[in-house]
Amino acid sequence: MTTREPIIQEPEAHESGESEGFEPEATRRDAGVAESSRANRGWWDRNADEYQVEHGTFLGDDRFVWCPEGLDEVEAELLGPQEDLKDKEVLEIGAGAAQCSRWLAAQGARPVALDLSHRQLQHALRIGGSFPLVCADAGALPFADGAFDLACSAYGALPFVADPRLVLREVRRVLRPGGRFVFSVTHPVRWAFPDEPGPEGLSVSASYFDRTPYVEQDDDGRAVYVEHHRTLGDRVRDVVGAGFRLVDLVEPEWPAWNSSEWGGWSPLRGNLIPGTAIFVCERD
């Protein structure tokens, strides 16, 4: 598990004319499906190199880590027993550099790694693997009905889309009957707290019930990053409304071995409030 160097070529200039040293304005405002998708594709293309350098050692090249707490699929088996993964068709959504797909392939599964960001998938190519890489929006999956046995998403797509029900319906469509979808997102309670790893991140600063998206925008008011909030109840209703059965809701506790900080995640906060929610869903 080594941190890799950035790859290949410089990313393309941002379409809004964003320049080096640009500091976006953080605000709370509405952002629809198309604006959110465009902004986040651009953000991940611009920041993929930095993300992989900063978090590559923690994620590894071929581990399946669900969250900053470090919950590993080897122990969690949220997709099912490890020995049952052999020959399963698995879709990873928001794959990034496809670390999870690489682990799945090592178990004998047949993964497909999908991401909105072409730059992230360049990192997947750099690390290597024999499985397909697909650059597409999770709200319009380019696969036939019933193409997969399993689907997974470790902080991919769902925190960033304006209509998570659209993604959930698409995932259900491409799953076979009885198929399982497991996805992790920032725990909804975190929305009420500042995104800080220290003591300043322990005091409520906003309403948990305020669903107004968090938006970073350029000088012309165009979104360059968008994150959407759903309450815990919203997430459950989204899952059920899309035709899934909720099998489990996992809130990983902060393990004693994990001394790292990742954005607003830290041992201090992790020992007091949940940081991640993992939804285990099945298509009936």
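Refer to the structure printed above.
Residues numbered from 1 in each chain as written. Predicted model: local features only at pLDDT ≥ 70, side-chain atom pairs only at ≥ 80, totals over all residues. Heavy atoms only, no water.

*Asks:* Hey, could you go over the sheet that holds strand β6 (residues 175-186) for me, with residue numbers and the actual values?
*Replies:* Read from one edge to the other, the open sheet built from seven strands follows the order β4-β3-β2-β5-β6-β10-β9, with strand pairing classed as mixed. A strand with exactly one partner marks an edge of an open sheet, and here the two such strands are β4 (133-135) and β9 (244-250). In this sheet, adjacent strand axes meet at a mean angle of 20° when their direction is disregarded. Where strand β5 (residues 148-154) and β6 come together, six bridges link them in parallel fashion. (Pairing = 2+ DSSP bridges. Helix = DSSP H or I, 4+ residues; strand = E, 2+ residues; numbered from the N terminus. Axes fitted to C-alpha atoms, helices over the stretch in contact; angles between N-to-C directions.)

*Asks:* Lay out helix α4 (residues 118-127) in plain terms, naming residues and giving numbers.
*Replies:* Burial analysis of α4 places seven of its 10 residues in the buried class, the great majority of the element. Every buried residue of α4 is listed here: Arg119, Gln120, Leu121, Gln122, His123, Ala124 and Ile127. Looking at the buried positions of α4, the neighbouring elements they touch are α1 (33-59), α3 (99-106), β3 (110-115) and β4. With a side-chain oxygen lying 3.3 Å from the backbone nitrogen of Arg119, the N-terminal cap of α4 falls on Ser117. (Buried < 20%, exposed > 50% of the residue type's maximum accessible area, 1.4 Å probe, protein only. Contact = heavy atoms within 4.5 Å. Polar contact = N/O pair within 3.5 Å; in protein donor to acceptor, adjacent residues only side chain to side chain.)

*Asks:* Before we move on, could you go through the nonpolar core and cite the residues and values that matter?
*Replies:* In this structure, Leu91, Phe143, Val171, Phe181, Phe183 and Phe244 are the most contacted members of the largest nonpolar core, which totals 28 residues. Setting aside anything within four residues of it in sequence, one finds Val171 in contact with Ile93, Leu141, Ala151, Phe181 and Phe244. Residues Phe58, Leu59, Val90 and Trp254 belong to the second largest nonpolar core, which totals 25 residues. (Core = buried A, V, L, I, M, F, W, Y, C linked by side-chain atoms within 4.5 Å.)

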